[in-house]
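So the chains spell out like this:
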Amino acid sequence: MLVSLFVADADAQRNPRKRTTPPAGAQQGNQQQVNNTAQPKYNPYGNIPIVVDSSGMSDTSVKKSLRNDNAFDKSSVNARTPLPYEHLRVDDALFAEKVWRELDLREKMNKPFSYEAESDNGSQMFINMLLRAVNSGEVTAFEDDRFSTPMTLSSIQQLTVGAADTVAQVDPADPSKVLRYVVTRASFDAKSVVKLRIKEEWVFDREASRYFCRILGIAPLKTQFFPNGQERPGSTPMFWVYYPDMRPILTKYEVYNPKNMGNSRMTWEELFESRMFSSYITKSTLDNAANRVIRTYIKDPILALLEGENIKEKIFNYEQDLWSY
């Protein structure tokens, strides 16, 4: 027994037991390899880089003229202020109806809304004036025509950006090899806004014995088109602006006069108050218990226009029927 124990001890010394635990460094490396295998990072384009190119976006800022760009002094234009509205008492409102109108800027009478020029106060297109006032925080944009839900600046910018497009750049030597993907985003085209919506209220004041028309809100409309270029029926408002908040800003912009650029250049506030635009009625509160838009119950566009003219005539005749001759 002693001899056998001695032989076994000698064999153990000659052949030591192999280590089954890996070194600390090897263990960390194996653990990292397992983690990388368990949670792979998904890249739809593989290892091809993606670059965002915004060079195509136009700069909407307009530089001011360093000299007087006119033959006469126009410094008093920026000092204009709108006249305050006459106060209307609720007890004197004998008749009141709300009306929604749409302005097609492609009509000849509405061409001043699309005047493409730049001045010291920026672009002279009406939609650019509206967006500049909203983005600068001078006026608040709302989601609805009751002005109950203000919109954030980021949500407005999402509505006024161009469409994004991803283009693959290939190797000139090997067209089958893609070097990178470039994401381009076009600038917002103000010409794409071809319609405006106006909410107004007609009130007959018994104290003054006359009609008052007060514009309450203005909304640019997003028009959709079919692939063949035909306009889709119906338009969606991008946002609503409370018109009394816009009046001080509109007094500082002049309306384009194609016949005489020096004389009788009214402001945009005067244009709206004088109602020097072409429009058609799309909805009213007169005989409309279901609160429906005209095109929802009259599908024919010609008959819908005639229904709008019928509503306008009813409102006009209310005042005429109050008088006897």
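The present account deals with the structure reproduced in this document. (Residues numbered from 1 in each chain as written. Predicted model: local features only at pLDDT ≥ 70, side-chain atom pairs only at ≥ 80, totals over all residues. Heavy atoms only, no water.)

What follows covers the environment of Asn288. Looking at the secondary structure, you find Asn288 in the loop between β12 (280-284) and α7 (294-297). For Asn288, the side chain forms a polar contact with the main-chain oxygen of Arg292, separated by 2.9 Å. (Helix = DSSP H or I, 4+ residues; strand = E, 2+ residues; numbered from the N terminus. Polar contact = N/O pair within 3.5 Å; in protein donor to acceptor, adjacent residues only side chain to side chain.)

In terms of nonpolar packing, the biggest core is built from 34 residues, with Phe113, Phe126, Phe239, Met246, Trp268 and Phe272 touching the most fellow members. At the level of elements, α3 (126-135), β8 (195-205), β9 (210-225), α5 (243-250) and α6 (268-274) are the ones that each hand at least two residues to this core. The greatest single-element share of this core, amounting to 7 residues, is contributed by α3. With near-sequence residues (within four places) excluded, Met246 lies in contact with Leu130, Ala133, Val139 and Val241. (Core = buried A, V, L, I, M, F, W, Y, C linked by side-chain atoms within 4.5 Å. Buried < 20%, exposed > 50% of the residue type's maximum accessible area, 1.4 Å probe, protein only. Contact = heavy atoms within 4.5 Å.)

In this model, the largest pocket occupies a volume close to 820 Å³. In terms of lining residues, the largest pocket is bounded by 26 residues, among which Asn70, Lys74, Ser119, Asp120 and Asn121 are the most central. Here the lining of the largest pocket is built from residues that sort into 5 nonpolar, 11 polar and 10 charged. (1 Å grid on protein atoms, 1.4 Å probe; cavity = no way out; pocket = protein on both sides within 12 Å on 5 of 7 lines; lining within 4 Å. Points joined across faces, edges and corners; volume = space filled by probe spheres on them. Nonpolar A, V, L, I, M, F, W, Y, C, P; charged D, E, K, R; others polar.)

Counting buried residues along β8, 11 of its 11 residues qualify, which places the element largely inside the surrounding structure. The side-chain alternation of β8 yields two buried faces, one formed by Lys195, Arg197, Lys199, Glu201, Val203 and Asp205 and the other by Leu196, Ile198, Glu200, Trp202 and Phe204. Bridge count between β8 and β9: 11 bridges; the pairing is antiparallel. Bridging from a neighbouring strand, Val203 pairs with Phe212 of β9. The hairpin formed by β8 and β9 contains 4 residues between the paired strands, and Ser209 there has a positive phi angle of roughly 55°. (Pairing = 2+ DSSP bridges.)

This model, assessed by the stated rule, comprises 16 aromatic pairs. Measuring from ring centre to ring centre gives 5.7 Å for Phe142 and Phe147, while their planes differ by 80°; the resulting arrangement is edge-to-face. With a relative accessible area of 12%, Phe142 lands in the buried category. Ring geometry for Phe147 and Tyr242: centres 5.1 Å apart, planes at 70°, overall edge-to-face. Of the two residues, Phe147 is situated in the loop between β5 (141-142) and α4 (153-159) and Tyr242 in strand β11 (residues 240-242); the sequence distance between them amounts to 95 residues. The ring centre of Tyr85 lies 4.1 Å from the NZ or CZ of Arg247, which sits over that ring. The positively charged end of Lys283 is found above the aromatic ring belonging to Trp100, 4.5 Å away from the centroid. (Phe/Tyr/Trp six-rings, centres within 6.5 Å; stacked < 30°, edge-to-face > 60°. Lys NZ or Arg CZ within 6 Å of the ring centre and 35° of its normal.)

Below, the discussion takes up α5. Taken as a whole, α5 has its buried residues at Tyr243, Met246, Arg247, Ile249 and Leu250. Its buried side turned inward, α5 meets α3, β9, β11 and α6.

This part covers the side chain of Thr267. As for its placement among the helices and strands, Thr267 is situated in the loop between α5 and α6. We classify Thr267 as buried; its relative accessible area is 4%.

Turning our attention to a nonpolar patch on the surface. On the surface, Leu94, Leu322, Trp323 and Tyr325 cluster together to form a nonpolar patch covering roughly 500 Å² of accessible area. Structurally, Leu322 is set in the segment after α8 (301-320). Classification of Leu322 by relative accessible area gives partly exposed; the value is 40%. (Patch = residues over 30% accessible without salt bridge, like charges linked within 9 Å, V, L, I, M, F, W, Y side chains within 5 Å. Areas by Shrake-Rupley, 256 points an atom, 1.4 Å probe, with all protein chains shown as cover. Salt bridge = Lys/Arg side-chain N within 4 Å of Asp/Glu carboxyl O.)

So, on to α3. With respect to burial, α3 is a largely interior element, 7 of its 10 residues being buried. Listed in full, the buried residues belonging to α3 are Phe126, Ile127, Met129, Leu130, Leu131, Ala133 and Val134. Once α3 ends, the next one or two residues include Gly137, with phi positive near 85°.

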